[in-house]
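Inside the fold
Letter by letter, the chains look like this.
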Amino acid sequence: MDKLRKTSNIPPTTLSASISDTDTTIPLSSTVGAETSTCIDIVIDRIDAAGEKTPDKMEVVTVLISGNNGTNAVRGRTAPAMPHEQGAVVEYNISTSVLRNDLVDGLLENLTTEGKLKDKNVVLVEGGIGKVNGAICATLMKNHFNVDRLLFTGVAGGVNPDINIGDIVIGTDLVEHDFDCSAFGYELGKIPRMDEYQFKADENLRKIAMEVAIEAFGKERVWEGRIVSGDQFVASPEKIKWLRETFNGYCTEMEGAAVAHVCYIFELPFLVIRAISDKADDDAKVDYPEFVKLAAKNSKTIIEGILERI
Ligand code: ADE
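On a predicted model such as this, the values are computed, not experimentally measured, just so you know.

Now for the site of the ligand. Not every one of the 13 residues close to the ligand is listed here, only the nearest: G157, F233, V234, E253 and D278. G157 places a main-chain nitrogen or oxygen 3.3 Å from a nitrogen atom of the ligand. One of the side-chain nitrogen or oxygen atoms of D278 is found 2.6 Å away from a nitrogen atom of the ligand. Taken by itself the ligand offers 260 Å² of open surface, and the protein chains cover 96% of this. Of all the secondary-structure elements, those providing two or more residues to the shell around the ligand are strand 9 (150-158), strand 13 (249-253) and strand 14 (270-278). Here the element with the most residues in the shell around the ligand is strand 9; it accounts for 3 residues.

So, in structure tokens, the structure goes:
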């Protein structure tokens, strides 16, 4: 996800010749910066050359850019097609269609895409860091790939003092620990206008994951409890104490609750499994790089085990 392509601001241009209401080739003075590989929307005559709004003349047209033309034009997208004069202002509308294509392309770049793992159809993605990346990833999994379940795994810092590096935490529910509207009287983590903020994992996936993890690592190294997420790498004993006392968090990471939040909205069954790479304390930044590989290996073991049983 961190390889998402950025959309550019393409400078407006003008019609290099007048067009009728039925033309499907739109002659443009410049197409510099415009995507050539995908459909894009252009807006003809939203404003005149002086920048004054001209809503009665505006027409949105979907085109494929080829050379200095918009070709295969679909006319009259938002209003009836009409003729336009040479010199009419044309803007590139970098909105939904292009942005969505770019997001999906960016996601696809990082996918070991739709294949089989343990004989199950899977879409595998490296989700990137932080809650927004997690949320985009989960949204595309649902909306673009139409998955029927989502397993999310990676590493986390231990918050419960009994949990050690290398241990596994299977999330019962997930809370965004940095969601704070307490100024309006809401308890910490609570999201105004939502009826839930403690997003619960799928019971069946939880049960399977517990069996797999206990078999692989032994009962004493496997935990079930709340995972708390925020856009923060936690490396302080005071913060751990706060996470424990405020939320009863078992471990902390930076994406899980955002993924869970999206799954809750879309009614998509999910499970978050974390392997502990550090104890979120003063040593966290030293422990993390040392143990992250071991933790990742442990995560992989569980995911493969779950896939074998579902
Ligand atoms: N992921 C792994 N360790 C973490 C920590 N200490 N804080 C946040 N995310 C983490």
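This structure, assessed with the given rule, holds 19 salt bridges. With its nearest N and O atoms 3.0 Å apart, the salt bridge here joins E255 to R274. Pair noted here: E255 is in the loop between strand 13 and helix 5 (256-266) and R274 is in strand 14, with a separation of 19 residues, a long-range link. Residue E255 is classed as buried on the basis of its relative accessible area of 7%. Residue classification places R274 among the buried residues on the basis of a relative accessible area of 3%.

What follows deals with the packing of aromatic side chains. Geometrically, a pair of aromatic rings is defined through the distance of the ring centres and the angle of the planes. For the structure shown, the criterion picks out 3 aromatic pairs. Ring geometry for F233 versus Y288: centroids 5.5 Å apart, planes at 85 degrees, classification edge-to-face. Taken together, the positions of F233 in the loop between strand 12 (222-229) and helix 4 (237-247) and Y288 in helix 6 (residues 284-309) put the pair 55 residues apart, joining distant regions of the chain. Ring geometry for W242 and F247: centres 5.4 Å apart, planes at 85 degrees, overall edge-to-face. Its relative accessible area of 31% is what places W242 among the partly exposed residues.

What counts and how
- Residues numbered from 1 in each chain as written.
- Predicted model: local features only at pLDDT ≥ 70, side-chain atom pairs only at ≥ 80, totals over all residues.
- Heavy atoms only, no water.
- Near = heavy atom within 4 Å.
- Polar contact = N/O pair within 3.5 Å; in protein donor to acceptor, adjacent residues only side chain to side chain.
- Areas by Shrake-Rupley, 256 points an atom, 1.4 Å probe, with all protein chains shown as cover.
- Helix = DSSP H or I, 4+ residues; strand = E, 2+ residues; numbered from the N terminus.
- Salt bridge = Lys/Arg side-chain N within 4 Å of Asp/Glu carboxyl O.
- Buried < 20%, exposed > 50% of the residue type's maximum accessible area, 1.4 Å probe, protein only.
- Phe/Tyr/Trp six-rings, centres within 6.5 Å; stacked < 30°, edge-to-face > 60°.

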